[in-house]
Amino acid sequence: MPTSRRNLSRSTPVMPQGEVVAEFAQYLEATQFVEKLIRQNFPAGAIAIVGSDLRTVERIRGKLSYARLALGGAITGSWLGLIYGILFAGTASGADVMDPAQYTGLMQAIVVGAGIGMLFNVIRFSMSKNKRGFVSQSSVVASKYQVQVPAGLSAQAKEAAAVNEA
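Novice: Please explain the overall build of the protein chain as it appears in this structure.
Specialist: Of the regular secondary structure elements, the protein chain holds 5 helices and 5 strands. When the helices and strands of the protein chain are read in sequence order from the N terminus, they spell out α-β-α-β-β-α-α-β-β-α. Within the protein chain, buried positions represent 24% of all 166 residues. Sequence-distant contacts, at least 24 apart, represent 85% of the contacts inside the protein chain between residues at least 6 apart. Carbon and sulfur atoms make up 60% of the accessible area of the protein chain, which totals about 12300 Å².

Given below as structure tokens:
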């Protein structure tokens, strides 16, 4: 089966070639500039935001404890128990909707699911070799962001960017 050039260009990342029309320290500023170009009917497919000097930043979200693990497992487990209870516990047909006895199977499924979720999370953490005492979120950030367009469209891009600056 032959591979078309169009499919190949989508699967392999390539550094964009073109002229830098603007440079920013923050990604948000670069996206706002791109929005400005697009509002001036600049072809969106010709714009690229290129970040350079990439770094991984890990932001600490909080302290990790067995209580936090158990709570997270209980929440996840109770949702799974609720789904299981809805699918398999069922309700008696023709019964009074406000009758609490009708929902005991559903409540039992939620409680059992919460217990299993807690147990699973605590055991999984206890058995892991890479224990960290905190919860974090990683992201990749660049020290500068350049907006690039093909060389033939750079004058049009600079013109579109200058429209609202005056």
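Novice: Would you explain the packing of helix α2 (residues 27-39) against helix α5 (residues 154-162) in this entry?
Specialist: The angle between the axes and the distance between the axes are what describe a pair of packed helices. Between α2 and α5, the shortest axis-to-axis distance is 9 Å and the interhelical angle comes to 100°. With respect to their mutual orientation, α2 and α5 come out roughly perpendicular. Touching F33, K36 and L37 of α2 are A157, A160 and A161, all from α5. Within the contact of α2 with α5, the residues separate by chemical class into 5 nonpolar, no polar and 1 charged.

Novice: Just to check I follow, could you spell out α2 for this structure?
Specialist: It helps to recall that an α-helix has 3.6 residues per turn; residues three or four apart then point in one direction. With 13 residues, α2 should cover 18 Å at 1.5 Å per step; its first-to-last C-alpha distance of 18 Å lies within 8% of that length. All of the buried residues along α2 are A30, F33, V34, K36 and L37. Buried residues of α2 fall within an arc of 155° about the axis and therefore sit on the same side. Exposed residues on α2 whose side chains face more than 90 degrees from its buried face are L28 and R39. Once α2 finishes, N41 follows within two positions and takes phi at roughly 65°, a positive value.

Conventions used here
- Residues numbered from 1 in each chain as written.
- Predicted model: local features only at pLDDT ≥ 70, side-chain atom pairs only at ≥ 80, totals over all residues.
- Heavy atoms only, no water.
- Helix = DSSP H or I, 4+ residues; strand = E, 2+ residues; numbered from the N terminus.
- Buried < 20%, exposed > 50% of the residue type's maximum accessible area, 1.4 Å probe, protein only.
- Contact = heavy atoms within 4.5 Å.
- Areas by Shrake-Rupley, 256 points an atom, 1.4 Å probe, with all protein chains shown as cover.
- Axes fitted to C-alpha atoms, helices over the stretch in contact; angles between N-to-C directions.
- Parallel < 35°, antiparallel > 145°, perpendicular 65-115°, else oblique.
- Nonpolar A, V, L, I, M, F, W, Y, C, P; charged D, E, K, R; others polar.
- Expected span 1.5 Å × (residues − 1).
- Arc of directions from axis to C-beta.

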